[in-house]
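# Analysis of the macromolecular model
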Amino acid sequence: MAVNSTGSTSNLLSSKRMNMSGLATGMNTEEIIQGMTIGTRSKIQKLQANKTLTNWRMDGFRGITDKLVSLSQKYTSFTSSTNLMSSKFFAKSSVSAQGANSSKVTVSGAGHDNIEIAGIKQMAVDASLTTGTVSSGQISTGDIDLNSQIDMSKIEGGNIKLKYGGTEISLDLTKGKDYSSAEKIVTSLNEILAEANLNAGTKLGEKIEFKLDGSGENGKIQLTFKGSSAGNSLEILGGSDNVLEGLGLKDKVGEAIGEGSMLEGNALTKADYIDNTKTGKDLIGGKTLTFTLDGTRKTFTLPGAGDISDVDSLRASLQTQFDAAYGSGKVSVNANGSKLSFKPVNSTSILKITEADNTITGSTGVFGNIGGSSNRINLNAKLSEAGFAGFDPSNLETYNFVDKDGNTVQAYRMEINGKSIEGITKDTSVRDLMDKINASDAGVKISYMEMADRFNITSTLGGEAGRADYADQTGGKDNLTAQLFGASATTTKTLGKDALIGIKYKGTNEILEIKRSSNNVDLDGMTVKLNGTFGYDATGNH
């Protein structure tokens, strides 16, 4: 006992001496030990952190496996009522119509044993109206002047090639636009820019524009940025010589500019873009004109200048060629004073001018601006040039409209279902007119039936709540709708109707008649498409 006691006392005294020696020397032995063991302790802490992360991962995996096991038990276990391999499971979703009237309905969705479609009394019908024929049914030229010298555009049909930033674009000086003066050339060029795609959702006309410095003789055409260029450059790469010379821009080919600069051409005279040295018969003599009748394309050659004596000589030549190309009596060519007309004998036939020399059908052509014309409505043409039989701007109700550029223009009053269709001017194309109607709050969609030469206007609101109608006049003059599509009384109207469906629940003989605005109906989770009526007699009794 004494030995053990003495040993304990000796160890205690030794420990005290270590602490005392540390204090005596000014050294903190605990800090020294902490420093010496920091590496070991860091490894221990890292292992503990990895252990914690591993436990978290195990918990996550366990949660996923629990869900997989649950899914397996629910959909693959033979003891489960929702076993995917059980015919009973699919029987609840596989629904088919039964009986003699099964073709009258198409059913999908979750089936019900306790519901029966006893009959369809009435199908849903959307309100609509269909116009009468809207075009003249023929192609008509303008006044043909054969003996006078004609102002003929030198630039129409050519092109100019531009580069904006890294994008190269060729601008075609489209047939049918007006190039008869420097001012009208600039207007037409900007219209072409507005139609040219720069990239997705952006038109070139939003970035650059043509201007005219001065007017008439000695005016200079300028090409410049429109708003910010975002650091992009602008360059004329080339184009048709007649266009570059006619616009006074030939010397600017290859010259690139940045924002704040412009490309300016030479001073213009009318002789730069107009040739007035030839008569009408000189311009069209021997030139070709291509027609398409019901898809069959044929090219005709006009008589030589020396063989053209008058308009009737042109008529006779073209009639002979039509008879040879399509058969006698298919197309009638008529002369009315100084004008020609081309009309298919069959009212359902479609005749088009698909190709012609600028001297014949260009904006300054001898036949007038009828390039791309047909005996139907030309959806891409302006209202005044589209071929509407009843269009008379002098008798239209108008109002002042501020366009997107802030300019006040005269617009035509147009109303459908009592709602105004805004911003329709003399320069609006038929296609743009249709787009405005479809995007308006009139609640209708309009389409053109080319074969029938009729427009159809259908309510976007289904069933009997829908409406498709217009008035003949707004104010003291014509509503544009009535002028283009004919008086409201001449249209074929269809009133909207709701679908009437008779259903019967299991355990009762009572037929419940329900009303829906569409022929696609939801019945207690089943999607039912109505294909026809059944189960009711002519008097509406079941």
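Cut-offs used in this document
Residues numbered from 1 in each chain as written. Predicted model: local features only at pLDDT ≥ 70, side-chain atom pairs only at ≥ 80, totals over all residues. Heavy atoms only, no water. Helix = DSSP H or I, 4+ residues; strand = E, 2+ residues; numbered from the N terminus. Buried < 20%, exposed > 50% of the residue type's maximum accessible area, 1.4 Å probe, protein only. Contact = heavy atoms within 4.5 Å. Salt bridge = Lys/Arg side-chain N within 4 Å of Asp/Glu carboxyl O. Pairing = 2+ DSSP bridges.

## A look at the environment of Thr288
Tracing the backbone shows Thr288 in strand E16 (residues 288-293). Take Thr288: its relative accessible area is 39%, and that puts it in the partly exposed class. Expressed as a C-alpha distance, the spacing of Thr288 and Glu355, which sit 67 residues apart in the sequence, is 8.4 Å. Once residues lying within four places of it in the same chain are set aside, the contact partners of Thr288 are Thr299, Phe300, Thr301, Ala356, Asp357 and Ile360.

## Section: the pattern of salt bridges
Close approach of charged atoms allows side chains with opposite charge to pair. Within this structure, the stated rule accounts for 18 salt bridges. Here Glu245 and Lys250 are joined by a salt bridge, their closest N and O atoms 3.1 Å apart. The class of Lys250 is partly exposed, set by a relative accessible area of 37%. Each of the salt bridges in this network shares a partner with another, and the network as a whole consists of Lys177, Glu191 and Glu195.

## Concerning the pairing of strand E32 (residues 520-523)
Sheet faces and side chains relate simply in a regular strand, where the side chains alternate between the two faces. Burial along E32 is one-sided: the face carrying Val521 and Leu523 is buried and the face carrying Asn520 and Asp522 is not. Alignment of E32 against strand E33 (residues 526-530), held across 4 bridges, turns out to be antiparallel. Considered in E33, the bridge of Asn520 is made with Lys529. Remark: 2 residues form the turn of the hairpin made by E32 and E33, two consecutive strands paired antiparallel; Asp524 in that turn has positive phi of roughly 50°.

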